[in-house]
Structure formats: structure tokens, C-alpha cells
Amino acid sequence: MTQNALLKMLETDARLSDEQIAARLGVEPAEVAAMRAKLEAEGRIVGYQAILNDDKEGVSALIEVRCTPERGGGFNRLAKRIARFDEVRSCFLISGGFDLLILVEANSLLEVARFVSEKLSSMEGVLSTATHFRLKTYKQNGLLFDEEESDERISVAP
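Below: a short report on this structure. Since the model is a prediction, treat every value here as computed from it, not as a measurement.

1. Remarks on the environment of glutamine 3
And then number 1: With respect to the helices and strands, glutamine 3 occurs in helix α1 (residues 3–12).
And then number 2: Considering only alpha carbons, one finds glutamine 3 and arginine 36, 33 residues apart in sequence, at a separation of 8.5 Å.
And then number 3: Apart from the residues lying within four places of it in its own chain, the contact partners of glutamine 3 are Met35, Lys38, Leu39, Glu42 and Arg44.

Right, dumping it as C-alpha cells:
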């Protein structure tokens, strides 16, 4: 059994038990449990969570943030302060025209707007932001969202 095989299975379905994984990989459950514990101790597995279909309720926005790096700390201090806000689900240092990319979730467009204008934009070191609202999710964390779409067009024959 390889670490990558175990990680891929857990990434696909974190609810799998050690026994289920062992059966699929042809190893003993104790070996799976030991490998899982090792990966958790090393910090490669940092948590388990359900993937929610947020298209059903709430609002998600990706916000690009341009900021001034701090002497001796770069973007780290500001990114950590931003990441502590309850609205922020994820925060990444990125390359390109912006420095940080944050994923924000809220109950309404107004809540996202208030977060950006009252909390994020007013922070010392934040130069500018660009907000992009998620309209529909097709795939998240490797999971395809299969939504049956009916084709209500009338067939046309020549």
C-alpha cells in the first residue's frame, strides 16, 4: 500500500473505514490505521470534512486582494489576520496580479459587500480587492456535481 493510494481514497471519500480501505487495497486494516496515523502525525492529513452543495443556499465569493508586504514578514501577518475572519473559508498566497485569494461564504450578497467594505478593504496594508461571485459549482475538491438537466427542446426534423 502506498501513501498516495490511501490519500487518494480518503480525498474521494473520507468516510471510508480502515476495513473498507484495506479490502480495496488488499492489505490488513491495521496497516491502513498505522499509515493514516502516520500521515496525520506528519501533518499531511490535516482534517476530514464533508463537501456541501453550497449552490442550494448562501453566497460564495472569491476575492483577490492586492496588498503591501511587511518588512520581515512579507504577506504572512496580513494573510493570517484575514484568515481569522469568520466569513473566510480559505486564504491563499497566489502569483499574478494579486497577492492573496480568499474564499468567503455568507448568507447574502449584502453580507459579502459589508465584509469587503467594512472589514477587508479598511485593513492597513490592503491596497485593492476584486470580488467574483460563484454562480454555479460543477466540480469541487475532485467531486463532480452531477445535476440532471432536462433537455426541453423540441426535436426538429428536416
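2. Focus: the packing of aromatic side chains
And then number 1: With the rule as written, the count across this model stands at one aromatic pair.
And then number 2: Relative to phenylalanine 115, the ring of phenylalanine 85 lies with its centre 5.4 Å away and its plane at 85°, an arrangement referred to as edge-to-face. Taken as a pair, phenylalanine 85 in the loop between α4 (76–83) and β2 (88–93) and phenylalanine 115 in helix α5 (residues 109–120) lie far apart in primary sequence, 30 residues in all.
And then number 3: On the basis of relative accessible area, phenylalanine 85 is assigned to the partly exposed category, the value being 23%.

3. Observations concerning the environment of leucine 39
And then number 1: Residue position: leucine 39 is located in helix α3 (residues 29–42).
And then number 2: Residues leucine 39 and glutamine 3 lie 36 residues apart in sequence; the distance between their C-alpha atoms is 8.0 Å.
And then number 3: Sequence-distant contacts of leucine 39, defined by excluding residues within four places in its chain, comprise Gln3, Leu6, Leu7, Arg44 and Ile45.

4. Description of the packing of helix α2 (residues 18–25) against α3
And then number 1: Where α2 contacts α3, the axes come no closer than 8 Å and their chain directions differ by 110°. By the angle class used here, α2 and α3 are roughly perpendicular. By crossing handedness, the relation of α2 to α3 is classed as right-handed. For the pair α2 and α3, contact is made by Asp18, Glu19, Ile21 and Ala22 and by Pro29, Val32, Ala33 and Arg36, respectively.

What counts, and where the lines are drawn
Residues numbered from 1 in each chain as written. Predicted model: local features only at pLDDT ≥ 70, side-chain atom pairs only at ≥ 80, totals over all residues. Heavy atoms only, no water. Helix = DSSP H or I, 4+ residues; strand = E, 2+ residues; numbered from the N terminus. Contact = heavy atoms within 4.5 Å. Phe/Tyr/Trp six-rings, centres within 6.5 Å; stacked < 30°, edge-to-face > 60°. Buried < 20%, exposed > 50% of the residue type's maximum accessible area, 1.4 Å probe, protein only. Axes fitted to C-alpha atoms, helices over the stretch in contact; angles between N-to-C directions. Parallel < 35°, antiparallel > 145°, perpendicular 65-115°, else oblique. Left-handed = near helix turned anticlockwise from the far one by under 90°.

Interpretation in functional terms is not warranted from these geometric data alone.
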